[in-house]
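# A closer look at the structure
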Amino acid sequence: SRQKKYASSAIIRKARITRNLILTNPLKKSPIPGLNRKKQAMSVKQTKIWKFLSSIKLAISLLAIIALLSLIGTFIPQNEDPSFYISKYGDSGFRALSNTGLTDLYSSWWFILLIVLFSLNLTACLLSRFSLKGRSMGTLISHISILLILAGALIGMLYGQKGYMQIGETQEAD
């Protein structure tokens, strides 16, 4: 009786261990139908890339970098003639600003890359934390609206037309 009790508990422990191994190993087929698809979806969310993209720390860091660069972009006049930058910052200052893309900051490839990375991060955060509860609908709507604003900004940066017209106080323009 005592041996049967120990033997049955050992079998149960082994079954639990075996079941956990089967369920956590994506290469082995699960005895429960439909579980492999769920596990595959969960395994995507457990990859290092997904964890990196859905990180709140990444979102805060990207937002801080974008805000800092936008602040710099407000202090350095954008899209001016080279003579303006040379007269204000000198020849070496103009070369430094021009080489880093700070004279056209909002259309530079690295600023666009930061916006795209922030959009991917925001999407990954939304997908990993989304639920259909009533109180999370406000979060969903606000995140989607931020993504729409970022998409509009990217479209404007990549495909928009830029123009400049100086108009005096008493003048009219068409």
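### Let's talk about the environment of tyrosine 164
Considering the arrangement of structural elements, one finds tyrosine 164 in the segment after helix H7 (137–159). For tyrosine 164 and asparagine 79, which are 85 residues apart along the polypeptide, the C-alpha to C-alpha distance reads 9.6 Å.

### Regarding the nonpolar core
Ranked by internal contacts, the top residues of the largest apolar core, which has 20 residues, are Phe111 and Ile115. The element that contributes the greatest number of residues to this core is helix H6 (residues 109–129), accounting for six residues. Sequence-distant contacts of phenylalanine 111, that is, excluding residues within four places in its chain, are made with Ile66, Leu69, Ser70, Leu105, Tyr106 and Met157.

### Re the confidence of the model for the protein
On average, residues of the protein score 78 in pLDDT, and 71% of them reach the 70 mark or higher. Within the model, the stretch residues 17–32 combines pLDDT values under 50 with 12 contacts to residues more than four positions away or in other chains.

### What to know about the packing of helix H4 (residues 56–75) against H6
The N-to-C vectors of H4 and H6 enclose an angle of 150°; their axes lie 10 Å apart at closest approach. As summarised for this structure, H4 and H6 are arranged roughly antiparallel, according to the angle between their axes. When you trace H4 past H6, the crossing you get is left-handed. Of H6, the residues touching H4 (which contributes Ile56, Leu58, Ala59, Leu62, Leu63, Ile65, Ile66, Leu69 and Ser70) are Trp110, Phe111, Leu114, Ile115, Leu117, Phe118, Asn121, Cys125 and Arg129. Of the residues contributing to the contact of H4 with H6, the split by class is 15 nonpolar, two polar and one charged.

What counts, and at which threshold
- Residues numbered from 1 in each chain as written.
- Predicted model: local features only at pLDDT ≥ 70, side-chain atom pairs only at ≥ 80, totals over all residues.
- Heavy atoms only, no water.
- Helix = DSSP H or I, 4+ residues; strand = E, 2+ residues; numbered from the N terminus.
- Core = buried A, V, L, I, M, F, W, Y, C linked by side-chain atoms within 4.5 Å.
- Buried < 20%, exposed > 50% of the residue type's maximum accessible area, 1.4 Å probe, protein only.
- Contact = heavy atoms within 4.5 Å.
- pLDDT = per-residue confidence, 0-100.
- Axes fitted to C-alpha atoms, helices over the stretch in contact; angles between N-to-C directions.
- Parallel < 35°, antiparallel > 145°, perpendicular 65-115°, else oblique.
- Left-handed = near helix turned anticlockwise from the far one by under 90°.
- Nonpolar A, V, L, I, M, F, W, Y, C, P; charged D, E, K, R; others polar.

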